[in-house]
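Results of the structural survey
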Amino acid sequence: YFCRHGERWELQLKGSGKTPYSRNGDGRAVLRSSVREFLCSEAMHYLGIPTSRAASLVVSDDDVWRDQFYNGNIKKERGAIVLRLAKSWFRIGSLEILAHSGELDLLRRLLDFIIQEHFPSIAMNDSNRYLEFFSTVVSETANLISLWMSVGFAHGVCNTDNFSLLSITIDYGPFGFMDSYDPNFVPNTSDDERRYKIGNQASVGLFNLSKLLQALKPVLDPRQKQLASQILEGYGEHYHSRFTELFKTKLGLLGEDENDSYLIAFLLKVSLLC
């Protein structure tokens, strides 16, 4: 942990080499992607979007072989290591893997640790604490993706292993910003099916949250499962409300008008045609 202004931050190295979690990868990172992550995570912070931060970048003497455009043209590149920080690196996938493998005692212990450390508004003696935790993650995930959309940011790989339980932007890989509005914008050259195109981010967020609910179901009673499903159904409303609020601010619209959403959609469509 790194203490700053009384806060605790977790340190993580990206590109330092193979770990037990590297699967078939070499655990290395190239300089170009490391610089991009360093710059973008800091830019996102100053744009007011929850994100991991970059503390340092060190150029490595190791050569790293990469197929940058996934076209079979492998080249030798300079390696680098980024020291990045976040309040937590736990992701939806961190819970998903425990539920999938049936490690329910460990799942409860990890959930309790995460709640105790990072969700102070939830009482540890509350029998509904896992339900409250899920409700918070649903609303905050909707908020995060709305913020991404408000600046034209496409994450590029929105799987459950890249979605933070604290609803911050983590794991900057093939991300990108739109130069002009295009709901089909894809920054990931390996995403041939356009699964993670920017226009899909909200629906992919819902898919990931449904996977989180599936992971939590073994530790919820029947009533809590029903309530959690209702909470998940409210995700779309959370997202639409926050999205509309952000774009109204951009347009300088005051008050409430039933035509606000129509105006925003119309202007986006006009910008697409331009």
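To start, this report covers the structure provided alongside it. (Residues numbered from 1 in each chain as written. Predicted model: local features only at pLDDT ≥ 70, side-chain atom pairs only at ≥ 80, totals over all residues. Heavy atoms only, no water.)

A look at the overall build of the protein chain
Within the protein chain one finds 8 helices and 6 strands. Seen along its three principal axes, the alpha-carbon backbone of the protein chain occupies a region of about 55 × 55 × 40 Å. Sorting the 274 residues of the protein chain into buried and exposed places 42% on the buried side. Within the protein chain, contacts between residues at least 6 apart in sequence are counted, and of these 61% link residues at least 24 apart. Entry remark: accessible area of the protein chain is about 15,200 Å², with carbon and sulfur atoms responsible for 52%. (Helix = DSSP H or I, 4+ residues; strand = E, 2+ residues; numbered from the N terminus. Buried < 20%, exposed > 50% of the residue type's maximum accessible area, 1.4 Å probe, protein only. Contact = heavy atoms within 4.5 Å. Areas by Shrake-Rupley, 256 points an atom, 1.4 Å probe, with all protein chains shown as cover.)

Focus on the pattern of salt bridges
Here the structure, examined in full by the defined rule, presents 17 salt bridges. E42 is the salt-bridge partner of R53, the closest N and O atoms lying 2.7 Å from each other. Here R53 is found in strand β3 (residues 53-66), whereas its partner E42 is found in helix α1 (residues 31-46), with 11 residues between them in sequence. Pair check on accessibility: R53 and E42 agree, each one buried. (Salt bridge = Lys/Arg side-chain N within 4 Å of Asp/Glu carboxyl O.)

Side note on the environment of P50
Inspection of the secondary structure puts P50 in the loop between α1 and β3. Taking C-alpha positions, P50 is 9.1 Å from L166, a pair spaced 116 residues apart along the chain.

Quick word on the nonpolar core
Side chains of nonpolar character tend, in soluble globular proteins, to be buried together. L95, F133, W148 and L212 are the most contacted members of the largest nonpolar core, which has 59 residues in total. The biggest single contributor to this core is helix α4 (residues 129-150), with 12 residues. Split by domain, this core shows at least three residues from each of two domains, domain 1 (10-86) and domain 2 (92-251). Apart from the residues lying within four places of it in its own chain, the contact partners of L212 are I92, L95, F134, V137 and L165. (Core = buried A, V, L, I, M, F, W, Y, C linked by side-chain atoms within 4.5 Å. Domains from an automatic or database assignment.)

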